[in-house]
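Survey of secondary and tertiary structure
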Amino acid sequence: TKQKKRHMGDTKHFCPVSLKENFVLYPGLQEHAAKYKEKIYYFSTSENRDKFLKNPEEYVAHKEPLQAPPLRVCLLGIHGAGKSTCARQIADKLGIFHIQFEEYLQELILPKTKKKVGPSFNEDREDDNKIPEEVEDLSQTMTKTETEKSKQEVKLTDEEEAIKANLVDNTELPPKVLDKIVPDWWKKEPFRSTGFILDGFPRTSDEASYLSERGLCPDIAVYIQVEEHDILDRLLPLRLKKWKDRQREKKEYKKKLKELKAKKRV
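First, a word on scope: everything that follows refers to the structure included in this document. The residue count restarts for each chain, going from 1 along the sequence in the order it is written. Owing to the predicted nature of the model, reporting of local features is limited to residues with pLDDT of at least 70; listing and counting of side-chain atom pairs is limited to 80 or more, with chain, interface and lining totals taken over all residues. Only hydrogens and water are set aside; all other atoms, that is, all heavy atoms of the structure, feed into the side-chain values.

**Let's talk about the pattern of salt bridges**
In the sections that follow, a salt bridge refers to a side-chain nitrogen of Lys or Arg positioned within 4 Å of a carboxyl oxygen of Asp or Glu. Under the criterion given, the structure shown has 13 salt bridges. Across the pair E160 and K112 runs a salt bridge whose closest N-O atoms are separated by 3.0 Å. Taken together, the residues E160 in helix α9 (residues 158-169) and K112 in helix α5 (residues 101-113) connect sequence positions 48 residues apart. E160 gets classed as buried once you look at its relative accessible area, which sits at 16%. Going along the chain from the N terminus, every DSSP run of H or I of four or more residues is numbered as a helix, and every run of E of two or more is numbered as a strand. Type-normalised accessible area, obtained with a 1.4 Å probe on protein chains alone, sets the label of each residue: buried when under 20%, exposed when over 50%, and partly exposed for intermediate values.

**Examining the packing of aromatic side chains**
Aromatic rings from Phe, Tyr and Trp, with only the six-membered ring used for Trp, were paired whenever their centres fell within 6.5 Å, and each pair was classed as stacked if the ring planes differed by under 30 degrees, edge-to-face if by over 60, and tilted otherwise. Overall, the coordinates contain nine aromatic pairs when judged by the stated rule. Ring geometry for Y41 and F52: centres 5.0 Å apart, planes at 40 degrees, overall tilted. Of the two residues, Y41 sits in strand β2 (residues 39-43) while F52 sits in helix α3 (residues 46-54), which places them 11 residues apart along the sequence. With centroids separated by 6.3 Å and ring planes inclined at 85 degrees, the aromatic side chains of F101 and W185 adopt a geometry described as edge-to-face. One end of the pair, F101, is in helix α5; the other, W185, is in helix α11 (residues 183-187), and 84 residues separate them in sequence.

**What about a nonpolar patch on the surface?**
Together, L71, I90, L94, I220 and V222 line one region of the surface with nonpolar side chains, adding up to about 370 Å² of accessible area. Only α4 (83-94) and β6 (220-224) provide two or more residues apiece to the nonpolar patch. Following the sequence through the fold, I90 ends up in helix α4. Patch building starts from residues that exceed 30% relative accessible area and form no salt bridge, then joins like charges within 9 Å and nonpolar side chains (Val, Leu, Ile, Met, Phe, Trp, Tyr) within 5 Å. The protein chains shown are the only cover counted for residues, whose accessible areas, like all others here, come from Shrake-Rupley with a 1.4 Å probe.

**Digging into the environment of I78**
Tracing the backbone through its elements, the reader meets I78 in the loop between β3 (72-77) and α4. Here I78 falls in the partly exposed class, since its relative accessible area comes to 42%. Along the sequence, I78 and I224 sit 146 residues apart, while their C-alpha atoms lie 7.8 Å from each other. Setting aside its immediate chain neighbours within four residues, I78 contacts K83, Y223 and I231. We call two residues in contact when some of their heavy atoms are within 4.5 Å.

**A word on helix α13 (residues 205-213)**
Listed in full, the buried residues belonging to α13 are E207, Y210 and L211. Taken down its axis, α13 places every buried residue within 95 degrees of arc, on the same side. Within α13, the exposed residues directed more than 90 degrees away from the buried face are S205 and E213. Buried residues belonging to α13 abut β3, α10 (175-178) and α11. Remark: G215 follows α13 within two positions and exhibits a positive phi of approximately 70 degrees. Directions pointing from the helix axis toward each C-beta atom define the arc.

**Looking at unusual backbone geometry**
In this model, E189 is joined to P190 through a cis peptide bond whose omega is 5 degrees. A cis geometry characterises the amide bond from F201 onward to P202, with omega recorded as 0 degrees. Locating P202 in the fold gives a position in the loop between β5 (196-199) and α13. Backbone geometry places F23, a non-glycine residue, at a positive phi of 55 degrees. Secondary-structure assignment places F23 in the loop between α2 (16-22) and β1 (29-36).

Spelled out as structure tokens, the structure:
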């Protein structure tokens with residue numbers, strides 16, 4: 001084993017082409033191996049092996065060792081497991097970016113939706129569709145022009161509709177939408193040279209396969225496993241407080257409507 005290690009190339013068991021071109025440590029395969037200057041290199045694909053053999057000096061170390069990419073972490077776990085709290089602490093300690101996947105999606109469509117969407121946000125507005133009779137007349141005061149303008153503002157593109165469906169119904173994002181979001185964290189600055197902890201992605205086997213197929217390899221994936229009662233203890237008091245606040249606001253709202261109605265009669 002020691003002898004094999006001494007004869008391995010500069011990138012050890014990682015693909016030198018993936019490192020050079022995409023700045024990613026992608027594990028190479030034994031069936032895609034090649035020998036150059038008495039050292040063995042492993043490649044992620046046969047295409048990368050052929051590319052290396054055409055111009056090997058472009059992919060090997062010369063006067064200085066090859067630079068390794070920064071740390072890239074995927075942090076996984078169910079809702080309420082404390083992913084974001086842990087991710088922020090790790091990001092601060094290591095000096096890398098914290099990317100909260102769901103929050104990032106919200107920001108992409110927020111300019112058009114004007115508010116965050118999804119089950120947790122719908123709870124805060126569960127009474128919005130129950131318009132009291134007292135305000136039905138007021139709702140008619142909006143002009144036709146204002147109504148048309150409002151509809152134009154919330155018109156989403158196909159990609160934005162897919163993002164909204166993901167946030168609201170947990171519908172998986174198609175690869176063509178992911179292609180415009182995820183690869184930038186590996187390939188573009190400032191993430192490329194700084195590193196990141198990706199909070200909440202991938203969430204399904206298809207999303208994990210997407211990363212593998214695109215050659216977007218995290219250095220480590222951490223899954224936070226939490227007991228159900230711990231999550232209930234953490235989330236239930238907050239949910240209960242929000243429910244009480246909504247009931248209080250609803251009561252105050254009805255009181256103001258009643259006072260307004262009484263003034264109109266006078």
